[in-house]
Structure formats: C-alpha cells, structure tokens
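# Structural overview
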Amino acid sequence: ATGLEAEAGEHVVVRLVDGRQFVGHCCIGSDGIHSKTRHQLLANSHPLRYLGYIVVLGIFENARFPLSQQRAFQMSDGGTRMFAMPFTNDLSMWQLSWKMEEEEAIQLAR
C-alpha cells in the first residue's frame, strides 16, 4: 500500500501502487513490529516502547498432548507466562513470556 487513511471512524481507504483503492470498515496491519501500516496511521505520535517482557513462540505437533488439541490454556506465576492453543488439527502454538530488562533483551535478540 502507498497510502492509508482513516475517516473519523467511518471507513478506511487503502491505496495501492497501481492506483487502485479499497474502502473498508477496518484495516488490519499484520506487518510486524516496525509496521508500515502503524506508521502511516500514527506516525511518531505513538512510538514503540519496551514493556519489560520478552516473548518466544513456536509451533508443535500436538498428537501426544490432547489438552492442546482442544482448547487454549495458560499458566502464570505473575512474572512468567506459558500459553498454548490449537493452531490446526495436528499443530498447536505455544508462547512463553517472562520479565527481562531491555538491554538484556536487546542482547538476546542479536
């Protein structure tokens, strides 16, 4: 997209490179942490900020884990959280998050 406009809660207009335009009730930007969608709508008025947690995720074959085939579940001790949920019939996704200082998270991400 080359342009994105939100019209006071009424609708969203998305313009493509080839000149086509699409109008809808919403635009879902799933283009990552440095989202171009977010930047076009918010510019620098809402800069990203580190919230003190790191998140690691993955996908696993769930044949040996019947609970993860049927429903989402999570465990937490107030600082660390493990979450899993069905993804497809034979795969589930997991997410592990825990508190970590920003500098340590930056080093781990390298």
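Structure shown above.
These notes cover the structure that comes with them. From a predicted model like this one, the values you see are computed outputs, not experimental measurements. The numbering scheme is per chain: residues are counted from 1 as the chain's sequence reads. Per-residue local features of the predicted model are confined to residues with pLDDT of at least 70, and side-chain atom pairs are confined, for both listing and counting, to 80 or more; whole-chain, interface and lining totals are unaffected and use all residues. To obtain the side-chain values, all non-hydrogen atoms of the structure were used and water was disregarded.

Let's shift gears to the packing of aromatic side chains. The description of an aromatic ring pair rests on the distance of the ring centres and on the angle between the ring planes. Each aromatic pair joins two rings of Phe, Tyr and Trp (for Trp, the six-membered one) with centres within 6.5 Å, and gets the label stacked for planes under 30 degrees apart, edge-to-face for over 60, and tilted for any other angle. For the structure on display, the rule yields one aromatic pair. Seen in terms of ring centroids, Phe60 and Phe65 are 5.9 Å apart; in terms of plane orientation they differ by 85°. Their pairing is edge-to-face.

Right, let's talk about the environment of Met75 for a bit. Mapping Met75 onto the fold places it in strand 5 (residues 73-76). Met75 sits 21 residues away from Leu96 along the chain, and the two C-alpha atoms are 9.7 Å apart. Residue contacts are counted whenever heavy atoms from the two residues lie within 4.5 Å of one another. The residues contacting Met75, other than those within four sequence positions of it, are Thr80, Arg81 and Met82. Helix and strand assignments follow DSSP, with helices taken as H or I runs no shorter than four residues and strands as E runs no shorter than two, numbered in order from the N terminus.

Ordered in space as 4-7-6-5, the four strands form an open sheet in which the pairing is antiparallel. Two strands in the sheet have a free side with no partner beyond their single neighbour: strand 4 (53-61) and strand 5. Strand-to-strand, the axes of this sheet are offset by a mean angle of 15°, without reference to chain direction. Where strand 6 (residues 80-86) and strand 7 (residues 91-99) come together, seven bridges link them in antiparallel fashion. Residue pairing for strand 7: Phe83 is matched across the bridge by Gln95. The pairing criterion is simple: DSSP has to find at least two bridges between the two strands. Interaxial angle, 0 to 180 degrees, is taken between N-to-C directions of lines fitted to C-alpha atoms, where a helix line uses only the stretch in contact.

Glancing now at the pattern of salt bridges. Salt bridges are defined as contacts in which a side-chain nitrogen from Lys or Arg sits within 4 Å of a carboxyl oxygen from Asp or Glu. Going through the model one piece at a time under the given rule, you end up with one salt bridge. Between Arg20 and Asp18 there is a salt bridge whose closest N-O contact spans 2.8 Å. Classification of Arg20 by relative accessible area gives partly exposed; the value is 45%. Only protein chains enter the area calculation, which uses a 1.4 Å probe; residues under 20% of their type maximum are buried, those over 50% are exposed, and those in between are partly exposed. Accessibility expressed as a relative area gives 52% for Asp18, which makes it exposed.

A word on the sheet that holds strand 2 (residues 11-15). Backbone-to-backbone hydrogen bonds pair the strands of a sheet. The strands run either parallel or antiparallel. Taken in spatial order, the three strands make up an open sheet running 1-2-3, and their pairing is antiparallel. Since the sheet does not close on itself, it has two edges, and those belong to strand 1 (3-7) and strand 3 (21-24), each with one partner. Strand-to-strand twist in this sheet, taken as the mean axis angle between neighbours without regard to direction, amounts to 15°. As defined by bridge partners, strand 2 adjoins strand 3 across four bridges and the pair is classed as antiparallel. When the bridges of strand 3 are listed, Arg15 appears paired with Gln21.

From the geometry alone we can't say anything about function, so treat these as descriptive.
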